[in-house]
Amino acid sequence: MSRLEIRELEAFLVLAEELHFGRAGERLYVSQSRISQLLRSLEGRIGAPLVERTSRRVALTPLGESFLSSLRPAYESLRATVDEARAAARGLDGVLRIGFQGAVDDGLARAIELFGARYPRCALEVAEIALSDPFGPVRRGEVDCAVVLLPVAEDDLVLGPVFSRQPQTLALSARHPLAGRESVSAEELAGCRLIGVHGSAPEYWRLAQAPRETPGGLPIPAGPLVNTLQEGLSLTAADRGAMLLCRSTAEYHSHRGSLAFVPVEGLPDSLLGLVLRRGNGTPQAQAFARAVGETLTQETT
């Protein structure tokens, strides 16, 4: 293990994505035969094949699949550490663009403050992103990273620190019969029209924000579809439906007298996570992910 070559790991990771020796070589600016050589060397160190290759196809072996799932996060963490050290050595500058959904809570604000103190030469820009497009701004490079509601299961994105675990909250019109309750059960959502999300958000993500049935299997009526949080809250205030929100977002809007916010018992907690592009996240975004992680560690000690 002391002689393990990073280049071998890089060759395997790229080959696992491309499943083609020629394309893997093009991405790493080496020949196809060099990719084969690096792979054979890695397999020799491990002691078993990681890839099945024939004249027609390239596929990972079961061991290769298992090795990939463990290697990818470890490699990305190592590279992020090296990039951050390089940035610290030269003084990180440029711009960090952070996207967020909902509201900037205390935890995120502390991470932004820590990053700003550590890298004063790096300008910070913070932008709210549409509820209907949680992953698009990161993919398109409009922001370097984004704080979004979970779940996240996108192959081209990396989920960084996960934080703000809180019970979900139901936003209601102040005139709604449930508005005065201290809490509601998840099964009572069957009596509410849940406002859903339009747009390019994946279906699994949209269903997490507006489920179609209760944990007990009761159908939940579908309400209007919206693109933004403000659209949803406006429809909620007009009693056109109800919305599930994380607690920090509910607290941020608690001053609005036309709305009521009631905790929901029996649903999975709401979670926020920091999302970055896989493989080509900026040094600024990687350094910010470290700042978020450090902030979470400080909160738990």
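Heads up: the structure comes first, above all this text.
Residues numbered from 1 in each chain as written. Predicted model: local features only at pLDDT ≥ 70, side-chain atom pairs only at ≥ 80, totals over all residues. Heavy atoms only, no water.

Undergrad: So what about unusual backbone geometry? Which residues, and what values?
TA: Here the amide bond leading from Leu-150 into Pro-151 is cis, since omega sits at 15°, within 30 degrees of zero. In this fold, Pro-151 is placed in the loop between β5 (145-149) and β6 (157-166). Although it is not a glycine, Tyr-29 adopts a positive phi angle of roughly 60°. Topologically, Tyr-29 is positioned in the loop between α2 (21-28) and α3 (32-46). Taking relative accessible area as the criterion, Tyr-29 reaches 77% and is therefore assigned exposed. If you check the backbone angles, Ser-164 has positive phi at about 55° while not being a glycine. (Helix = DSSP H or I, 4+ residues; strand = E, 2+ residues; numbered from the N terminus. Buried < 20%, exposed > 50% of the residue type's maximum accessible area, 1.4 Å probe, protein only.)

Undergrad: Tell me what's going on with the side chain of Thr-236, and back it up with residues and numbers.
TA: Assignment of secondary structure puts Thr-236 in helix α8 (residues 229-237). With residues up to four places along the chain from it excluded, the contact list for Thr-236 reads Ala-171, Leu-172, Ser-173, Ile-195, Gly-241, Ala-242, Met-243 and Leu-259. (Contact = heavy atoms within 4.5 Å.)

Undergrad: Now, about the pattern of salt bridges: what can you tell me, with residues and values included?
TA: Once the charged atoms of two side chains with opposite charge are near each other, the side chains can pair. Applying the stated criterion across every chain yields a total of 18 salt bridges. Here Glu-10 and Arg-7 are joined by a salt bridge, their closest N and O atoms 3.0 Å apart. Residue Glu-10 and its partner Arg-7 are located together in helix α1 (residues 6-18), separated by three residues, close to a single helical turn. With its nearest N and O atoms 2.9 Å apart, the salt bridge here joins Arg-45 to Glu-8. Linking Arg-45 in helix α3 with Glu-8 in helix α1, this pair joins segments that are 37 residues apart in sequence. A residue is classified by how much of its surface remains accessible, and Arg-45, at 37% relative accessible area, is partly exposed. (Salt bridge = Lys/Arg side-chain N within 4 Å of Asp/Glu carboxyl O.)

Undergrad: Describe α8, with residues and values.
TA: Listed in full, the buried residues belonging to α8 are Leu-229, Gly-232, Leu-233, Thr-236 and Ala-237. Down the axis of α8, the buried side of the element spans an arc of 135°, and every buried residue falls inside it. Turning to α8, the residues buried within the fold contact β7 (169-173), β9 (194-197), β10 (222-226), β11 (243-245), α9 (247-252) and β12 (259-265). (Arc of directions from axis to C-beta.)

Undergrad: Kindly report on the sheet that holds strand β3 (residues 95-100), identifying the contributing residues and their values.
TA: If you walk across this open sheet you meet the five strands as β4-β3-β5-β13-β6, and the pairing is mixed. A strand with exactly one partner marks an edge of an open sheet, and here the two such strands are β4 (123-128) and β6. Sheet twist, expressed as the mean angle between neighbouring strand axes with direction ignored, is 20°. Relative to strand β13 (residues 270-277), β6 runs antiparallel, the two sharing six bridges. Note that in β13 the partner of Phe-163 across the bridge is Leu-272. Helix-sheet contacts for helix α5 (residues 106-118) involve β3, β4 and β5, and the interaxial angle to β4 is about 160°. (Pairing = 2+ DSSP bridges. Axes fitted to C-alpha atoms, helices over the stretch in contact; angles between N-to-C directions.)

Undergrad: Lay out a nonpolar patch on the surface with the relevant residues and their values.
TA: On the surface, Ile-6, Leu-78 and Val-82 cluster together to form a nonpolar patch covering roughly 220 Å² of accessible area. Along the polypeptide, Val-82 turns up in helix α4 (residues 62-90). (Patch = residues over 30% accessible without salt bridge, like charges linked within 9 Å, V, L, I, M, F, W, Y side chains within 5 Å. Areas by Shrake-Rupley, 256 points an atom, 1.4 Å probe, with all protein chains shown as cover.)

Undergrad: Which residues make up the environment of Ser-41, and what values do they have?
TA: Within the fold, Ser-41 resides in helix α3. Residue Ser-41 is classed as partly exposed on the basis of its relative accessible area of 28%. Taking the C-alpha atoms as reference points, Ser-41 and Gln-166, separated by 125 residues in sequence, lie 47 Å from one another.

Undergrad: Lay out the packing of α1 against α2 in plain terms, naming residues and giving numbers.
TA: At a closest axis distance of 9 Å, the pairing of α1 and α2 adopts a crossing angle of 130°. In this view, α1 runs oblique relative to α2, as classed from their interaxial angle. Classified by chirality, the crossing of α2 by α1 is right-handed. Side by side, α1 and α2 meet where Arg-7, Glu-10, Ala-11, Val-14, Leu-15, Glu-17 and Glu-18 of the first sit next to Phe-21, Arg-23, Ala-24, Arg-27 and Leu-28 of the second. (Parallel < 35°, antiparallel > 145°, perpendicular 65-115°, else oblique. Left-handed = near helix turned anticlockwise from the far one by under 90°.)

Undergrad: Any chance you could break down α1 for me, citing the residues and the numbers?
TA: Relative to the 18 Å expected for 13 residues at 1.5 Å per residue, α1 spans 18 Å between its end C-alpha atoms, a close match to the ideal helical length. Buried within α1 are the following residues: Glu-8, Leu-9, Glu-10, Ala-11, Phe-12, Leu-13, Val-14, Leu-15 and Ala-16. Once α1 finishes, Leu-19 follows within two positions and takes phi at roughly 50°, a positive value. (Expected span 1.5 Å × (residues − 1).)

Undergrad: Describe the sheet that holds β7, listing the residues and the values that go with them.
TA: The mixed open sheet is built from four strands, whose spatial order is β8-β12-β7-β11. Two strands close off the open sheet at either side, each with one partner strand: β8 (184-185) and β11. Here two bridges tie β8 to β12, and the two strands are oriented parallel to one another. What sits directly across from Val-184, in β12, is Val-264.

Undergrad: Break down the packing of aromatic side chains for me, with residues and values.
TA: Following the criterion strictly, the structure yields three aromatic pairs and no others. Relative to Phe-67, the ring of Phe-12 has its centre 5.3 Å away and its plane inclined at 50°; by these criteria the two rings are tilted. Residue Phe-12 is located in helix α1, and its partner Phe-67 is located in helix α4; the two are separated by 55 residues in the primary sequence. For Phe-12, a relative accessible area of 1% translates into the label buried. Using a relative accessible area of 23% as the deciding quantity, one classes Phe-67 as partly exposed. Seen from their ring centres, Phe-115 and Tyr-119 are 5.0 Å apart, and the 50° between their planes marks the pair as tilted. Residue classification places Tyr-119 among the buried positions, given a relative accessible area of 5%. Pairwise contacts between aromatic rings join Phe-115, Tyr-119 and Phe-288 into one cluster. (Phe/Tyr/Trp six-rings, centres within 6.5 Å; stacked < 30°, edge-to-face > 60°.)

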